[in-house]
Amino acid sequence: MGRTLNLTVLMTVLVLTMAGNVYSGNFNDEFDLTWGEHRGKIFSGGKMLSLSLDRVSGSGFKSKKEYLFGRIDMQLKLVAGNSAGAVTAYYLSSKGPTHDEIDFEFLGNETGKPYVLHTNVFAQGKGNREQQFYLWFDPTKNFHTYSLQLGVPFPKKQPMRIYSSLWNADDWATRGGLVKTDWSKAPFTAYYRGFNAAACTVSSGSSFCDPKFKSSLTNGESKVVANELNAYGRRRLRWVQKYFMIYDYCSDLKRFPRGFPPECKRSRV
């Protein structure tokens, strides 16, 4: 692909804010519940969606549309209380063995201990670009807006759908699997609202770009100019990297004894 996007660069386009009153699409129109039977629900006239996990199964959904690039907003309120072992995954992915994927997994924890945000990026089917951060706020008491703002056409050729799931991963998710899921607390539930996409979508081989974007034709390809983070946003992300990052593949000498991947040279905002 034409341009590599590493995890630290990706973190410059993940914006975390308290939820406000914003335009939101209808979940009935935008998403399909894909697994988990009754554990996934769309309610309040399509304005809310919930996923639940119990001892039998988790649940998940995916977008009806495929996205090339742009800004995608979703408001989430994660599993409250003792969420150890439970993982809420929110990601974009294309299809096939050479798929591209932008992956966010919120790893549950024991009551009173912080969630861990686990990130990864797959480009042409290859991942292994993990980073982890402690969340610096409580993602269970209020809705927060999680925004992916891709200012470059990544992936360039492979449109991606939005996916989310709530599932049990107590073999690794909390303290490396030492803390298991307390099923007496089930069902575990995560809530979604406020979906909004200002992006380019693909349907039947043709692309459509939201009017909020300026588009121009360059070298036969449609390129979109998206809003970038301002100076405050960049300072905020440097603060997160400094004080809340707990793992960075670009610093893992055991994994890369012969030298770090080339994108690690550009790994700071």
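Structure: above.
Keep in mind the model is a prediction, meaning the values are calculated, not measured.

Reading the values: rules and limits
Residues numbered from 1 in each chain as written. Predicted model: local features only at pLDDT ≥ 70, side-chain atom pairs only at ≥ 80, totals over all residues. Heavy atoms only, no water. Salt bridge = Lys/Arg side-chain N within 4 Å of Asp/Glu carboxyl O. Buried < 20%, exposed > 50% of the residue type's maximum accessible area, 1.4 Å probe, protein only. Helix = DSSP H or I, 4+ residues; strand = E, 2+ residues; numbered from the N terminus. Phe/Tyr/Trp six-rings, centres within 6.5 Å; stacked < 30°, edge-to-face > 60°. Lys NZ or Arg CZ within 6 Å of the ring centre and 35° of its normal.

A word on the pattern of salt bridges. Following the criterion strictly, the structure yields eight salt bridges and no others. Note that Asp73 and Arg71 form a salt bridge whose closest N and O atoms lie 2.9 Å from each other. Using a relative accessible area of 13% as the deciding quantity, one classes Asp73 as buried. Under the relative-accessibility criterion, Arg71 is labelled partly exposed at 28%. Between Arg255 and Glu130 there is a salt bridge; the shortest N-O distance is 2.8 Å. You can see Arg255 sitting in the segment after strand E17 (245–248) and its partner Glu130 sitting in the loop between strand E9 (116–122) and strand E10 (131–134), a full 125 residues away along the chain. The exposure class assigned to Arg255 is partly exposed, which follows from its relative accessible area of 33%. Here Glu130 falls in the buried class, since its relative accessible area comes to 16%. It is possible to trace a salt-bridge network through shared partners that takes in Glu37, Arg39 and Asp54.

Right, let's get into the packing of aromatic side chains. Applying the stated criterion across every chain yields a total of 15 aromatic pairs. Ring geometry for Trp136 versus Trp239: centroids 6.4 Å apart, planes at 80 degrees, classification edge-to-face. Note that Trp136 is positioned in the loop between E10 and strand E11 (144–149) and Trp239 in helix H3 (residues 231–244), a separation of 103 residues in sequence. Residues Trp239 and Phe244 carry aromatic rings whose centres are separated by 5.0 Å and whose planes lie at 70 degrees to one another, so their mutual orientation is edge-to-face. Look at Trp239 and you get partly exposed, because its relative accessible area is 32%. Following the ring pairs from residue to residue traces out a cluster consisting of Phe27, Phe31, Phe61, Tyr192 and Phe195. Positioned above the aromatic ring of Tyr191 is the side chain of Lys77, whose terminal nitrogen or guanidinium carbon lies 5.9 Å from the ring centre. Arg193 extends its terminal NZ or CZ atom over the ring of Phe143, reaching a point 4.1 Å from the ring centre.

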